[in-house]
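Per-entry structural report
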Amino acid sequence: MVLLHGDDPADIDRAAQALAEGRLVAFPTETVYGLGARADDDAAVAGIYAAKGRPAGHPLIVHVADLQGAQAFSPALPPLAQRLVAAFWPGPLTVIVERRPGIGAASAGGQSSIGLRCPAHPVALALLRAAAARGVPGVAAPSANLFGQISPTTAAHVQQAFGEALPVLDGGACEVGIESSIVDCRGPRPVMLRPGLLTRAQIETAAGEALAERAADAPRVSGSLASHYAPRATLRLMKPALLKSALEVLGTDVPGVAVYSRSARPARTGGQGLCWRSMPARPEQVAHELFSVLREFDAGGARLIWVEEPPATPEWEGVRDRLQRAAAA
Ligand code: TXA
Ligand code: MG
């Protein structure tokens, strides 16, 4: 098993060397684990699509150590992107900008734009710097899961999907837990392509511009397929009152049903049916554990997952988005 230790500089060097040689390495970021290949090597990037079973033409995010790395892939970041990057990098923000011709075509899925992110995880940054020192300007990395499945937030999740041949740098459980916010910065105003933990208000404040609506011809975003991030079990999002009455009617002796709820646990327990997890109060707490909780429900044999709808307030947008996609599967 090729588990590399993120806190061991020799393992960081091994991983960086593998990337430099055009091989795949999975690594932790503060959002989710990524499946990386050097972004300036189209053949190496093709290996990512093959390993994930991801259809060609879905662009990947290129991870860079710093602004200099970003400039290798985009000749001049527009002022809007510069402001966002200054506010949120390193961090869970991906900016879509014009791609420098002649580099990163496979990473960009053939598009003339490119998604760039400098992650905040210390292991990711150490890896990107060690790779840059070996001439690797950036690392293309989608989430390290098979296409359509839940993103991994631990090294074990990655190994479950890809087996033991793939080198995985272990950096513990991801702090943020859901994927980065993706903002298209090519127009006069920012466009949110995928919500994450950053709120619209935070992005608008840093950009100095209001977010614009997505155009009909917006670029492809694989996470925007209606069904994505899906557990095996059928997930239903339920309003608090509906969930409460469903539990009153059924009681808690319902095998195969798992509940993830903010409301108080029903008084009547017993039997060996219902699997219950209480949902934390803050969106960042839920984001942090959400994918692990869904995996645990699947592993426990749940057929149905009932999730209490989080509040329809801005700070819950990223979590609501992932739950809605999981429910659409
Ligand atoms: O947090 C994250 O963003 C994680 C970690 C590993 O950084 N990565 C991630 O990658 O979620 P992935 O491939 O699962 O999702 C990347 C998303 C896709 O929905 C893709 O369509 C979009 O980014 N994307 C990448 N480049 C793009 C571009 N040039 N134009 C539009 N969308 C782009
Ligand atoms: Mg993904």
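Summarised in this report is the structure supplied together with it.

Reading the values: rules and limits
- Residues numbered from 1 in each chain as written.
- Chains lettered and ligands numbered in written order.
- Predicted model: local features only at pLDDT ≥ 70, side-chain atom pairs only at ≥ 80, totals over all residues.
- Heavy atoms only, no water.
- Core = buried A, V, L, I, M, F, W, Y, C linked by side-chain atoms within 4.5 Å.
- Buried < 20%, exposed > 50% of the residue type's maximum accessible area, 1.4 Å probe, protein only.
- Helix = DSSP H or I, 4+ residues; strand = E, 2+ residues; numbered from the N terminus.
- Pairing = 2+ DSSP bridges.
- Axes fitted to C-alpha atoms, helices over the stretch in contact; angles between N-to-C directions.
- Contact = heavy atoms within 4.5 Å.

**So, the nonpolar core**
In terms of nonpolar packing, the biggest core is built from 48 residues, with Leu84, Trp89, Val95 and Leu116 touching the most fellow members. Every element with two or more residues in this core is listed here: β3 (34-38), α2 (42-52), α3 (67-73), α4 (79-88), β5 (93-98), β6 (113-117), α6 (155-162) and α7 (200-207). It is α4 that contributes the most residues to this core, five residues altogether. The next biggest cluster of nonpolar side chains, apart from the first, holds 25 residues, and it includes Val176, Met279, Val307 and Trp316.

**Describing the sheet that holds strand β13 (residues 275-278)**
Taking strand neighbours across the sheet as the criterion, the four strands line up as β11-β14-β12-β13 in an open arrangement whose pairing is parallel. In the strand order of this sheet, the two ends are held by β11 (234-238) and β13, each with one partner. Recorded for the sheet is a direction-independent mean angle of 15° between the axes of neighbouring strands. Sheet topology note: the strand β12 (residues 257-261)/β13 ladder contains four bridges and is parallel. Of the residues in β13, the one forming a bridge with serine 261 is serine 278. In the packing of helix α9 (residues 283-299) onto the sheet, contacts are made with β11, β12, β13 and β14 (304-308), and the angle to β12 comes to roughly 170°. Helix α10 (residues 317-328) contacts β11 and β14 of the sheet and is inclined by roughly 130° relative to β11.

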